[in-house]
Each structure stands twice: as C-alpha cells, then as structure tokens.
Amino acid sequence: MVPNVFRMSLNIYRFSTGTVGPALFSLGVNDSIIIIVVVDLVICLLPAFSAVFGPKLGTRTIVQARFSWGYFGAIIPAVLNVFSLQGFLILNCIIGGQVLASLSSHLDDTLGIVIIAVISLVVTFCGYRIIHWYESIAWIPNVIAFIAMLGVGYPQLRDNQSTAVSQATVAEVISFSSILTSSIISWCTVTPDYGVYHSPAASSARLFLYTYLAFFTSSVTCHTLGAAFAAAAPNVPVWNAGFNNSSSVGGLFYSVLLPTGAFGKILITLVALSIPSASAPTMYTFSTSFMAVAPWFAAIPRWIYILISEAVLIPVAIIGAKKFYTTFVDILNVIGYWSSVFAAIILTEHVLFRRASFSEDQYPITTWASYTLLPSGIPAVVAFACGCGALVPFMSQAWYVGPVARHGSGDVGVYVGFVVGAITYALARGFEKLWYKKMSKSDA
C-alpha cells in the first residue's frame, strides 16, 4: 500500500499543483516553497491517518463512512466522491494531453487528451494485476525526468533566486495554501481503498508513519519542483514560450528538457504515458464508489461505470483545457471543500466516539449493510450541511467570491469547513448519544 501511495503521488499532476503559486498567484519561488513545506508537513497527516482504516477494517472508504454517516447518510459522500474522482480524471487527462501535444506540431491538446483517456481505459480493463504492474514501473520515468530537469535547468533556477518579486499578500498566500490542502486532503476519500487486502495485524503506528512519509516526500518534491520552474519561466524565454504564458504545464515540461534532444522527447513521451497509472486506479475507485451509492447500483457491472466515466471525461477535459488554471483550481477547490468536512467527521467519530480503536466492539463490521444497526447518520448530515454552509462566505473562485473573501482574506473555505464540521459533528453526535441513552433508560 505504501509503495503504491508513493508511486501514485510522484507525478506531473503534483508538479502542476506546485506551479499554481507562481503562475496563478504571482508568488516568488521562496514564498511558494515555504508555503509548500508547511502545508505538506501538516496536511499529509490526514490522508496518512485515513489510510490506516483500510487494513484495520477491511472496508472501502464509503462503506466505512457508514459508521458515522449511517446507511442512508453515506450516500452523500458516495455521490460526491464519484464527481470528485471524475474531476481528478479530467485534470490528469488535460495535463497528459498537454504533455503529448508539446512533442509535435501535428498534435494538439484535444488529440493528446483522447490518447491519454483511451490508454487509461485500456489499462483499467486489463484488471488489478496489470494496473498494479503498470504502477510499479510508471513512476520511474517521472523520477528520471525530474532529475534531468534539475540537471538541465539548475543554472536558470539558481539565477531566479535573486530575481525581485512583489511582496506576497495574505490572500495570495492563503489561496495557494488552500489549493495545496485541497489536493492532499482529497486523498482521505480514497486511501483506505488501497489497503483493504492488507493484514489487519499490521501496526497502526507503522502504517500511519510509512504512509505519511510516502505522501510527504512525494508531494513536497513535486510541489517544490513545479513552483521552482514556474517561477523561473517568465525569466527564461524558451521556458516561457513553452509555458504559453502560464497555461501549459506540458509545454513547460517539454521546453525545460529541450536541450536533451531525442532523449528528452522519449522521456516526455514516457512521462505522458505514466499518467494512466494514476488514472486507471481512479477509474477503478470511481466504479466502486458508484456501486456504494445504493444496493441496485451494485448490481450493475463495473465496466459500465468505467465506460460512463470515459464518455464524460473526454469532452469535459477538452473544454477544460482551454482555460487550464481556472479549471484546475475550480475542480481542486470544490473537491477540497467537501473532502475537508468529510475528513473532519470521520476523524471526530473515530477519536471521540470510537475511542481511537479499530476493535470489533467499536466497529462491528458485520453490521455494515444494516441500516437499523448502523448509526442514524443525522449528526453527520447536519455537520456536513453546517460545514459546507459556513465555508461559502470564505470561498474565492472564478465563478463566486464570498463576502469575507472579498475583503482580502483569500480562500479559507477548506479550513473553515473542516473546523465547523468537526465541532458541529462532536456536538450533534454527543447530543444524539445522550438522547438515545435517556430513551433507553425511560423504556427500562
């Protein structure tokens, strides 16, 4: 599980997330790297904690969520997870399409997107063993590419350190940190899925620590590289031309490796073809999340959901590629909003009401399909509504800016949602338990 997390995180998508600071918020390289290190150090704790649930309970994320959300309440995160996973697929295909399009004037983003989407579909249909094998080798070109980029671009990166930049505003710092947080915290809804077949006897502390290190090292490496090259691009004409005025991460990747000649082209092709290693597992989880929405969804063959995903993926990715960073930020932030509240509810339930234990007494797994034996889910739904409602005034998106964000706070919605969700759930769940206790005494 831990190697899978590392391999799936060490990719050009993470690199793209790091470029947002300089490209979209005009942050300098030093400011961007400080923000990246701080955010990654703290936020990677959450998906690492979530990953422990998979081996310990042997259930996937949405099924495990029923122990806090209830049988019917868990339909909400199941549906949202379907949309979120589709969002990640769209972003991966856009980035992969850009990378392929940079190789030849006969290719454009549209054709590149189609190629990446079709390869992802084929890999997904090959089954778990092929996906696992593909993941085990697909990360290698990424590592080689990152090393080559550092070797070729180090002089420009070094010179850019002394370039004067405007002082970062609070709004820019917070908004960039929110993007990073959203990209990491969204893993909370999928990491347990990759550990359900592992032994429950494994040490929880080791699972947490190793997964955290895998998340942090891969995330901070890719984020930092993305920020460094994006910040230097405006001062390097060839890079800036490839970056296409901060609109093509694939073009930036290609322009940096341009001096390496044929080797660079081969490497870029392999990097593009490594993207399905992240897309295929996402398609797989997309189908399992769809099947968890309701019992009759589970009766539909998984391959039908995968084809639905593919049919939606290609046209939306082609449209979204025309405004890459707007699409990138909008999708990531929306996913981060609901994922932060979801993570807060799961964490609060486990720590406060399950005594931080994975024992059968705390999690009677055999009741996972019984709506009468599972919690009502009312506190979770109330907390989710309150958390999502509270974050709206703090949102700052291209299509909506909340009244608080308009005053220069930046987008703090993901943080507000987490805090309000945790507090509201603790109060509502505590009240529910007291109510049930009181009712049982009156019946006696």
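Presented here is an overview of the structure given in this document.

What counts and what doesn't
Residues numbered from 1 in each chain as written. Predicted model: local features only at pLDDT ≥ 70, side-chain atom pairs only at ≥ 80, totals over all residues. Heavy atoms only, no water. Helix = DSSP H or I, 4+ residues; strand = E, 2+ residues; numbered from the N terminus. Buried < 20%, exposed > 50% of the residue type's maximum accessible area, 1.4 Å probe, protein only. Areas by Shrake-Rupley, 256 points an atom, 1.4 Å probe, with all protein chains shown as cover. Lys, Arg positive; Asp, Glu negative; His and termini not counted. Charge placed at Lys NZ, Arg CZ, Asp CG, Glu CD. Axes fitted to C-alpha atoms, helices over the stretch in contact; angles between N-to-C directions. Parallel < 35°, antiparallel > 145°, perpendicular 65-115°, else oblique. Contact = heavy atoms within 4.5 Å. Nonpolar A, V, L, I, M, F, W, Y, C, P; charged D, E, K, R; others polar. Expected span 1.5 Å × (residues − 1). Bend = angle between axes of the 7 residues up to and from the residue. Polar contact = N/O pair within 3.5 Å; in protein donor to acceptor, adjacent residues only side chain to side chain. Left-handed = near helix turned anticlockwise from the far one by under 90°. Core = buried A, V, L, I, M, F, W, Y, C linked by side-chain atoms within 4.5 Å. Phe/Tyr/Trp six-rings, centres within 6.5 Å; stacked < 30°, edge-to-face > 60°. Lys NZ or Arg CZ within 6 Å of the ring centre and 35° of its normal. Patch = residues over 30% accessible without salt bridge, like charges linked within 9 Å, V, L, I, M, F, W, Y side chains within 5 Å. Salt bridge = Lys/Arg side-chain N within 4 Å of Asp/Glu carboxyl O.

Helix and strand counts for the chain stand at 21 helices and zero strands. Every one of the 444 residues in the chain was classed for burial, and the buried ones make up 56%. Accessible surface, the chain: about 18,100 Å² in total, of which carbon and sulfur atoms supply 70%. Here the chain contributes 20 positively and 16 negatively charged side chains, and the mean placements of these two sets differ by 8 Å.

Attention shifts here to helix α14 (residues 249–257). In terms of burial, α14 is a largely internal element, nine of the nine residues being buried. Of all the positions in α14, only Val 249, Gly 250, Gly 251, Leu 252, Phe 253, Tyr 254, Ser 255, Val 256 and Leu 257 are classed as buried.

In the contact formed by helix α15 (residues 262–274) and helix α16 (residues 276–291), the axes pass within 5 Å of each other and the chain directions differ by 5°. With respect to α16, the element α15 is oriented roughly parallel. Judged by residue contacts, Ala 272, Leu 273 and Ser 274 of α15 engage Pro 276, Ser 277 and Ala 278 from α16. Taken together, the residues of the contact of α15 with α16 sort by class into four nonpolar, two polar and no charged.

The end-to-end C-alpha distance of helix α2 (residues 12–25) is 20 Å, a good match for the 20 Å that 14 residues give at a rise of 1.5 Å each. At Thr 19, α2 is bent by approximately 40°, the largest bend along its length, and proline Pro 22 sits one to four residues beyond. Among the 14 residues that make up α2, 13 are buried, leaving the element largely enclosed by the rest of the structure. With a side-chain oxygen lying 3.2 Å from the backbone nitrogen of Tyr 13, the N-terminal cap of α2 falls on Asn 11. Phi for Ser 26, located one or two positions after α2, is positive at around 55°.

For the rest of this paragraph, the subject is the packing of α14 against α15. Contact geometry of α14 with α15 gives a least axis separation of 9 Å together with a crossing angle of 155°. It follows from the interaxial angle that α14 and α15 lie roughly antiparallel. Of the two elements, α14 crosses α15, and the hand of that crossing is right-handed. Between α14 and α15, the residues in contact are Phe 253, Tyr 254 and Leu 257 and Gly 264, Lys 265, Leu 267, Ile 268 and Val 271, respectively. Looking at the contact of α14 with α15 residue by residue, the class counts come to six nonpolar, one polar and one charged.

Moving on, we get to the nonpolar core. Of all hydrophobic cores here, the largest spans 125 residues; its most connected members are Ile 12, Phe 15, Trp 69, Phe 229, Trp 239 and Phe 253. No other element matches helix α19 (residues 324–353), which puts 15 residues into this core. Discounting chain neighbours no more than four positions away, the residues touching Phe 253 are Ile 12, Phe 15, Ala 145, Phe 146, Met 149, Ile 268 and Val 271.

Counting through the fold element by element, Glu 432 comes out in helix α21 (residues 413–443). C-alpha separation for the pair Glu 432 and Leu 111, spaced 321 residues apart in sequence, amounts to 54 Å. Leave out the neighbours within four places in its chain, and Glu 432 touches Ser 376 and Pro 379.

Within a pair of aromatic rings, the relevant descriptors are the distance that separates the centres and the angle that separates the planes. Applying the stated criterion across every chain, the model contains 26 aromatic pairs. With a centroid separation of 6.1 Å and 70° between ring planes, the pair formed by Phe 146 and Phe 253 is classed as edge-to-face. With a gap of 107 residues between them, Phe 146 in helix α10 (residues 128–160) and Phe 253 in helix α14 connect regions that are remote in the sequence. Summarising the burial analysis for this pair, Phe 146 and Phe 253 share the class buried. One Lys or Arg, Arg 354, reaches over the ring of Tyr 363 and ends 5.1 Å from the middle of that ring.

Attention now moves to a nonpolar patch on the surface. Judged by side-chain polarity, Ile 34, Val 37, Val 38, Leu 41, Val 42 and Leu 45 come together as a nonpolar surface patch covering roughly 480 Å² of accessible area. Counting through the fold element by element, Val 42 comes out in helix α3 (residues 29–43).

A separate point is the pattern of salt bridges. Taken as a whole, this structure holds four salt bridges when the rule is applied. When the shortest N-O distance is used, the salt bridge between Arg 158 and Asp 159 registers 3.8 Å. Residue Arg 158 is classed as partly exposed on the basis of its relative accessible area of 46%. The partly exposed category is assigned to Asp 159, whose relative accessible area is 48%. A salt bridge links Glu 349 to Arg 354, with the nearest nitrogen and oxygen atoms 2.7 Å apart. Considered together, Glu 349 and Arg 354 belong to a single accessibility category, that of buried residues.

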